[in-house]
Amino acid sequence: MVFDVTHSGATPGGQGHASGGQPEFIEPLARAGVAAGVDGIFLETHDNPPAALPTAPIALPLSQLAGLLARLKELSSVVRRWEKKS
């Protein structure tokens, strides 16, 4: 199962004239998905999110991607160890 993290934080029509988003929830949602055992994470990323049309409101800054993936990989390792013990 693949979890679409950034679109889970999207707010359709949230800007009145266009969709908005809550990028501050990207990491907590991704961690929750990994903790629940998803097999993959889908997320929008861009080196300059405000210029990432049409995903600007939900794009993770590219500079934050490596750190996020490292934390998710570490969490995934813990979850998978727990699954093996069950």
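A few points on the structure. Here, residues in each chain are numbered from 1, in the same order as that chain's written sequence. Note on the predicted model: pLDDT of at least 70 is required for a residue's local features to be given, and 80 or more for side-chain atom pairs to be given and counted; whole-chain, interface and lining totals, by contrast, use all residues. Heavy atoms throughout the structure, all of them, feed into the side-chain values; hydrogens and water do not.

## Things to note about helix α3 (residues 65-85)
- By the criteria applied, helices consist of DSSP H or I runs no shorter than four residues and strands consist of E runs no shorter than two, each listed in order from the N terminus. Expected helix span is given by 1.5 Å per residue-to-residue step, counting one fewer step than there are residues. Helix length check: α3, at 21 residues, gives a terminal C-alpha distance of 30 Å against a target of 30 Å (1.5 Å per residue), a fit within 8%.
- Exposure classes here rest on a 1.4 Å probe applied to the protein chains alone. A residue is buried below 20% of its type maximum, exposed above 50%, and partly exposed in between. The set of residues buried in α3 consists of L65, L68, L72, S76 and V79. Seen along its axis, α3 keeps its buried residues to an arc of 70°; they face one direction. Of the residues in α3, the exposed ones pointing more than 90 degrees away from the buried face are A66, K73, E74, K84 and K85. Each C-beta atom gives one direction from the helix axis, and the arc is the one those directions make.

## Concerning helix α2 (residues 26-36)
- Of all the residues in α2, the buried ones are I26, A30, G33 and V34. When α2 is viewed along its axis, its buried side chains cluster within an angular range of 95° and face the same direction.
- On its buried side, α2 packs onto β1 (2-4), α1 (5-8), β4 (40-42), β6 (60-61) and α3.
- In the segment just after α2, G37 is the residue with positive phi, at about 100°. The contact rule is simple, with two residues in contact once any of their heavy atoms fall within 4.5 Å.

## Some thoughts on the pattern of salt bridges
- Throughout this description, the term salt bridge denotes a Lys or Arg side-chain nitrogen within 4 Å of a carboxyl oxygen of Asp or Glu. Scanning all chains against the criterion turns up 3 salt bridges.
- Among the salt bridges present, the one from R31 reaches E27, with a minimum N-O distance of 3.4 Å. Placement of both R31 and E27 in helix α2 is noted, with a separation of 4 residues, approximately one turn of the helix.
- E27 sits in the partly exposed class, given a relative accessible area of 21%.
- Taking the shortest distance from any N to any O, the salt bridge between R71 and E27 comes out at 2.8 Å. On the criterion of sequence distance, the pair formed by R71 in helix α3 and E27 in helix α2 is long-range, its members being 44 residues apart.
- Its relative accessible area of 40% is what places R71 among the partly exposed residues.
- A single network of salt bridges, built from pairs that share partners, joins E27, R31 and R71.

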